[in-house]
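Chain residues, written in single-letter form:
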Number of protein chains: 2
Amino acid sequence: MSAWEKNIRKVIPYVPGEQPKDKNIIKLNTNENPYDPSPRVMAKQLELEALRKYPDPAVSDLVNALADYHGVSNSQVFVGVGSDDVIAMSFMTFFHGDKPILFPDITYSFYDVWAELFGISYNQVAVDDNFELKLEDYYQPNGGIIFPNPNAPTSIAKPISFIEDVVKHNTDVVVIVDEAYVDFGCESALSLVDKYDNVLVVRTYSKSRSMAGLRIGYAIGNEKLIRYLNDVKYSFNSYTMNYPSIVLGVESLADEDYFRETIAKVMETRDWFTEEIRKIGFRCPDSSTNFVFVTHEKLQAKDIYEQAKANKIIVRYFAKPRIDNYLRITIGTREEMETFLTFLKKLVSNA
Amino acid sequence: MSAWEKNIRKVIPYVPGEQPKDKNIIKLNTNENPYDPSPRVMAKQLELEALRKYPDPAVSDLVNALADYHGVSNSQVFVGVGSDDVIAMSFMTFFHGDKPILFPDITYSFYDVWAELFGISYNQVAVDDNFELKLEDYYQPNGGIIFPNPNAPTSIAKPISFIEDVVKHNTDVVVIVDEAYVDFGCESALSLVDKYDNVLVVRTYSKSRSMAGLRIGYAIGNEKLIRYLNDVKYSFNSYTMNYPSIVLGVESLADEDYFRETIAKVMETRDWFTEEIRKIGFRCPDSSTNFVFVTHEKLQAKDIYEQAKANKIIVRYFAKPRIDNYLRITIGTREEMETFLTFLKKLVSNA
């Protein structure tokens, strides 16, 4: 060990899903959208001479477009390099108290990584046997709360009444609702941001907007929350959003029809796929997301994962307590899901 | 004050230079390159269908291209969203000890902001009356060292022997050399990274590569340093570099002739401009950067700044101790600098 290593922050990083370069793989492991971004995005000419200048540090064009789109004020919108950047900044900004923050034990596996990175104490609250969040768990003293709605990787949505109850019982801390998957059939908490000053709603372009490759996330909340968040962001990196993100991010918002159409297609495929796999012995919660969370009555999840991979189909397997016999399967195109279903049927009949 | 505000991290953020939208302004305030990126970058067709997928979290294409370009191994390169992101991650990773870190009192004004943000104690070591770093100051016990070479906003470069001496005297900590401006006539510390495992060299695409709008920075060092840095990066945000950054970042490296040509033009304009302003009563160190750091024998820097701004020319003024009678002037095109010089001559003759 070198002498300088004693001063190093040592962490166990988040492990993202595989991003294979082989284009023949059916990729159902990272909840990307199987459809291209809006034709408006695809047709946009970038003015690359803009690249020589720093982008607008306030990202006004994108902030204003998002404010218009959601019917909130410009001062209520924060943008970042994917919702991961937005949430990392939020952890740093809002979870700076002494009490442990709360989040579910089965949830986005980045939350505990951020808490560890920033030295925030945390309490992973157990979901029930059906993977449902329990309201009373969020009545205990805490330094802040975060959960996705719908939750991941469980795909289960909670009604707005649940969210409002949590927010109302925790006005002394910030409650972050991570709505990465909200567009696939879940009620948003956006209606609460003008009623409560302690709720922050986080969104992403990576799922419903088909733009994971551009890295855009945003948060909407009371303008005081957004101001604190911007102070930390400006203390970290003045210019996080690059020119292509800003321009193409605005363009995406201008094509609501295409957006609704692709979401409807994903939801239709999801509902059909859910019905089909239940016929062959799989169990899964009703999904409000672009993935399903499944377990089989006889087959082991890990075996299915490995055999699918050998057949060039990648899904997500988490070797974690409580969910190590489950798979998270992203909803691809109807064709991709038919191929996968055929594979699964063969696997089940050979079992 | 709301109840939740007691848990908030409160910081005083870095204030970036103005980014006016008026295209008629001569913008000499943020050290951008006056020339467009390489024609190869401008001609590159982006495949926007790639946007629906997450980018490669390891950013292999860009990392490999940078490794080839600099003749180091892939495992010695780290990339981030501008050098600000790279340095922020480096502060978080490497400056995690108990002793104060060291950096000059006159330097990039983000260093103390990062130290405050991450709760790192620091000691701002005074440069001498000629704004020169003093070697013996870096012999005191410390938790890490960072300085730009050439330094900003002073524009002064230190020889490689100085850097090596600092690195050799501080093998128990990480020494970061911020080489944002190195391409404009300063010797790089890259030759030290295979000799010492405690030196990290940070670079950016924002100045010499004319790509501030894309947000690309990188670091080169011993592979152990890079691994620690990546662990923290993966604990913060798995996918920081978006698809356009990766593709266009690679493209820029393939056009060495254009790169050298634009740098030579900037340096030629700088040397001519330096000579001309010295004739009219300005003093400034010999610059090894794409800016000059000037003071006038009679005129007040703040007045010059304000009057230039009224004439649609923006330079950078820092209302800070020791440098509040100085201006940092970015080198623009020859034509822009001629316009500015004419303005300055008029100002001086009217004084």
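Our subject is the structure listed above.
Residues numbered from 1 in each chain as written. Chains lettered and ligands numbered in written order. Predicted model: local features only at pLDDT ≥ 70, side-chain atom pairs only at ≥ 80, totals over all residues.

On the side of chain B, 71 residues touch chain A, which itself brings 71 residues to the contact. For the side of chain A that touches chain B, the secondary-structure elements that each account for two or more residues are α1 (39-43), α3 (82-94), α4 (111-117), α6 (223-234) and α7 (243-253) of chain A. When residues in the side of chain A that touches chain B are grouped by element, the largest group, seven residues, is from α3 of chain A. Residues belonging to the side of chain A that touches chain B are distributed by class as follows: 36 nonpolar, 21 polar and 14 charged. (Contact = placed C-beta atoms within 7 Å. Helix = DSSP H or I, 4+ residues; strand = E, 2+ residues; numbered from the N terminus. Nonpolar A, V, L, I, M, F, W, Y, C, P; charged D, E, K, R; others polar.)

With that settled, consider the sheet that holds strand β9 (residues 282-283) of chain A. Residues and elements named next belong to chain A. An order of β1-β11-β12-β10-β9 is seen for the five strands of this open sheet, with the pairing classed as mixed. Looking at strand neighbours, the two that pair on one side only are β1 (26-28) and β9, the edges of this open sheet. Bridging between strand β10 (residues 291-296) and strand β12 (residues 327-330) involves four bridges; their strand directions are antiparallel. Following the sheet pairing, F293 is matched in β12 by R328. Running at roughly 155 degrees to strand β11 (residues 313-317), helix α9 (residues 301-310) makes contact with β10, β11 and β12 of the sheet. Lying on the sheet, helix α10 (residues 334-350) is in contact with β1 and β11; it crosses β1 at an angle near 90 degrees. (Pairing = 2+ DSSP bridges. Axes fitted to C-alpha atoms, helices over the stretch in contact; angles between N-to-C directions.)

Residues and elements named next belong to chain A. Structurally, the position occupied by P20 is in the segment before β1. Along the backbone, P20 and Q124 are 104 residues apart, and their C-alpha atoms lie at a distance of 32 Å. Setting aside residues up to four positions removed in sequence, P20 forms contacts with I25 and I314.

The biggest cluster of nonpolar side chains holds 232 residues, and the ones touching the most others in it are I145 and V201 of chain A together with I145 and V201 of chain B. In this structure, V201 of chain A is in contact with V177, E179, S188, A189, L190, V193, A219, I220 and G221 of chain A, ignoring residues within four places of it in sequence. (Core = buried A, V, L, I, M, F, W, Y, C linked by C-beta atoms within 7 Å. Buried ≥ 20, exposed ≤ 12 C-beta atoms within 10 Å, placed from the backbone.)

At an RMSD of 0.0 Å, chain A and chain B line up after a rotation of 180 degrees and a shift of 0.0 Å along the axis. Here the symmetry operator amounts to a two-fold rotation axis. Residue P244 of chain A of chain A places its C-alpha closer to the rotation axis than any other residue of that unit, at 3.5 Å. Most of the interface of chain A is mirrored in chain B, where 100% of its interface residues are also at the interface. (Least-squares fit on C-alpha atoms with pLDDT ≥ 70 in both.)

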